[in-house]
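# What the coordinates show
Listed below are the residues making up each chain.
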Amino acid sequence: MSEVILNDVSKIYAGGVTAVDKINLQIKDKEFMVLVGPSGCGKSTTLRMIAGLEDISAGIAKIADRVINDVPPKNRDIAMVFQNYALYPHMSVYENMAFGLKLHKISKNDIDRRVREAAEILSMQNYLDRKPKALSGGQRQRVALGRAIVRKPSVFLFDEPLSNLDAKMRVQMRTEISKLHHRLETTMIYVTHDQTEAMTLGDRICVMKDGLIQQVDSPLNIYERPANVFVAGFIGTPPMNFIRGRLCGHKESFHFISDNGIDIPLPESWNVKLSSHAEKAAVFGIRPEDIGSEHAESVPDAPSLNCQIEVIEPMGSETYIYFNLGGSACIAKVDAHRRIKVGDSLKLPLLMSKAHLFDAETEKIIL
């Protein structure tokens, strides 16, 4: 079992700066967990504490039921892949992969077998004699992965490993890492600021902000049921649209009235949950694909937004429409074949079954 458990783990630097604040996280055996969030949220610090590269200021960290707070990194049975590859430039691919095993006094035959197995997994058999300078960025990252694979660790740690690659290579390497996880069936913890990587790679995602965990769940649940305004706005491309206003009405009929007077009638099915929030400030959230979509247009009496197009972005399979709604910048994702131009006035129906309401004070989800 390679379960990783963090109990009230904190990292406090000199001067009282708290990078990670009493987080609790359970990463299951063989799970692919992604830590995601903006720069400075504490995700890399959390990973480095698991690796032993940062001391834990408070709390307990465990790997396979063993407390690792004071265990040296080399004895934690982990392997880490860094964003800058950290390859030895004077060594060949083979020597880079084998180096860590030599330090651990592994037999020459076993080293050769492990290196060649890893090279086959990563399709690097024909590059074993090359030096890193003769490799592309993607190939160098494969070597870094191979160096981790040969150690056969209980836990793989990835610290933004694809950030130095171009867009096309990042997509390819995401696929390679996903295949690697299914083939090795090993616990993997992956840090990134890229929510697309988080959504495509993780069995579960841990969203962090300001050293705190905001939500831990499957990618789909986080996308469809964000815990708060931050998660809703961080996960998803383009991000969710937010309109601030108040919740008005009574137990049988509720409306969201925006600060600039836009009236959005809310579904009757929401009434029970909304009754305790009547006349309170709220935030209405809806994703771009749920404004003006074919699904929204097919719903009878769907509420709609009247807007004037400011910017159009053709994306091939779809088109992004940018418009201003009483001071709120909004985006709609519509059919690519729709004939529109900048300056057009549109009436865009809302798919209310996908909309959300958040408490304006706590920013937590209401429904």
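Reading the values: the criteria
- Residues numbered from 1 in each chain as written.
- Predicted model: local features only at pLDDT ≥ 70, side-chain atom pairs only at ≥ 80, totals over all residues.
- Heavy atoms only, no water.
- Pairing = 2+ DSSP bridges.
- Helix = DSSP H or I, 4+ residues; strand = E, 2+ residues; numbered from the N terminus.
- Axes fitted to C-alpha atoms, helices over the stretch in contact; angles between N-to-C directions.
- Contact = heavy atoms within 4.5 Å.
- Disulfide = S-S within 2.5 Å.
- Expected span 1.5 Å × (residues − 1).
- Buried < 20%, exposed > 50% of the residue type's maximum accessible area, 1.4 Å probe, protein only.
- Arc of directions from axis to C-beta.
- Phe/Tyr/Trp six-rings, centres within 6.5 Å; stacked < 30°, edge-to-face > 60°.
- Lys NZ or Arg CZ within 6 Å of the ring centre and 35° of its normal.
- Salt bridge = Lys/Arg side-chain N within 4 Å of Asp/Glu carboxyl O.

## Observations regarding the sheet that holds strand 9 (residues 204–209)
On the basis of which strands lie adjacent, the open sheet formed by 6 strands has the order 6-7-8-3-9-10 and mixed pairing. Every interior strand has two partners, whereas the edge strands, strand 6 (78–81) and strand 10 (212–217), have only one. With direction set aside, neighbouring strand axes in the sheet form an average angle of 15°. Where helix 5 (residues 167–184) meets the sheet, it contacts strand 3 (32–36), strand 7 (155–159) and strand 8 (187–192), and its direction lies at approximately 160° from that of strand 8.

## Structural notes on the state of the cysteines
Considering all chains together, one arrives at 0 disulfides under this definition. Between Cys-307, a cysteine without a disulfide, and Cys-330, which holds the nearest cysteine sulfur, the sulfur-to-sulfur distance is 8.6 Å.

## Topic: helix 3 (residues 108–121)
With 14 residues, helix 3 should reach 20 Å at 1.5 Å per residue; the first-to-last C-alpha distance of 20 Å fits that figure. Restricting attention to buried positions, one finds in helix 3 the residues Asp-110, Ile-111, Arg-114, Val-115, Ala-118, Ala-119 and Ile-121. The arc that holds every buried residue of helix 3, seen down its axis, measures 165°, which confines them to one face. What points out from helix 3, more than 90 degrees from its buried face, is the exposed set Lys-108 and Asn-109. Turning to helix 3, the residues buried within the fold contact helix 2 (93–103), helix 4 (137–149) and helix 5. Positive backbone phi, at 55°, marks Ser-123, one or two positions downstream of helix 3.

## Points about the packing of aromatic side chains
In this structure the tally under the stated criterion is 7 aromatic pairs. A centroid spacing of 5.6 Å and a plane angle of 35° characterise the contact between Phe-158 and Tyr-190, whose relative ring orientation is tilted. Of this pair, Phe-158 sits in strand 7 while Tyr-190 sits in strand 8, and the two are 32 residues apart along the sequence. When sorted by exposure, Phe-158 lands in the same class as Tyr-190, which is buried. By the ring-pair criterion, three or more aromatic residues cluster together here, those being Phe-32, Phe-156, Phe-158 and Tyr-190. Residue placement shows Arg-287 over the ring face of Tyr-223; its charged tip is 3.9 Å from the ring centre.

## Comments concerning the sheet that holds strand 14 (residues 281–286)
Taken together, 5 strands build an open sheet; the order of strands is 13-12-11-14-19 and the sheet is antiparallel. Strands with a single pairing partner mark the edges of an open sheet, and in this sheet they are strand 13 (263–265) and strand 19 (356–359). Each strand of the sheet is rotated relative to its neighbour by a mean of 40°, with strand direction disregarded. As defined by bridge partners, strand 11 (residues 241–250) adjoins strand 12 (residues 253–258) across 6 bridges and the pair is classed as antiparallel. Bridging from a neighbouring strand, Arg-246 pairs with Ile-257 of strand 12.

## Structural notes on the pattern of salt bridges
Counted by the stated rule, this structure contains 12 salt bridges. One salt bridge connects Asp-110 with Arg-114, and the closest N-O pair in it is separated by 3.5 Å. Note that Asp-110 and Arg-114 are positioned in helix 3 at a spacing of 4 residues, about one turn of the helix. Under the relative-accessibility criterion, Asp-110 is labelled buried at 18%. The network of salt bridges with common partners includes Asp-110, Arg-113, Arg-114 and Glu-117.

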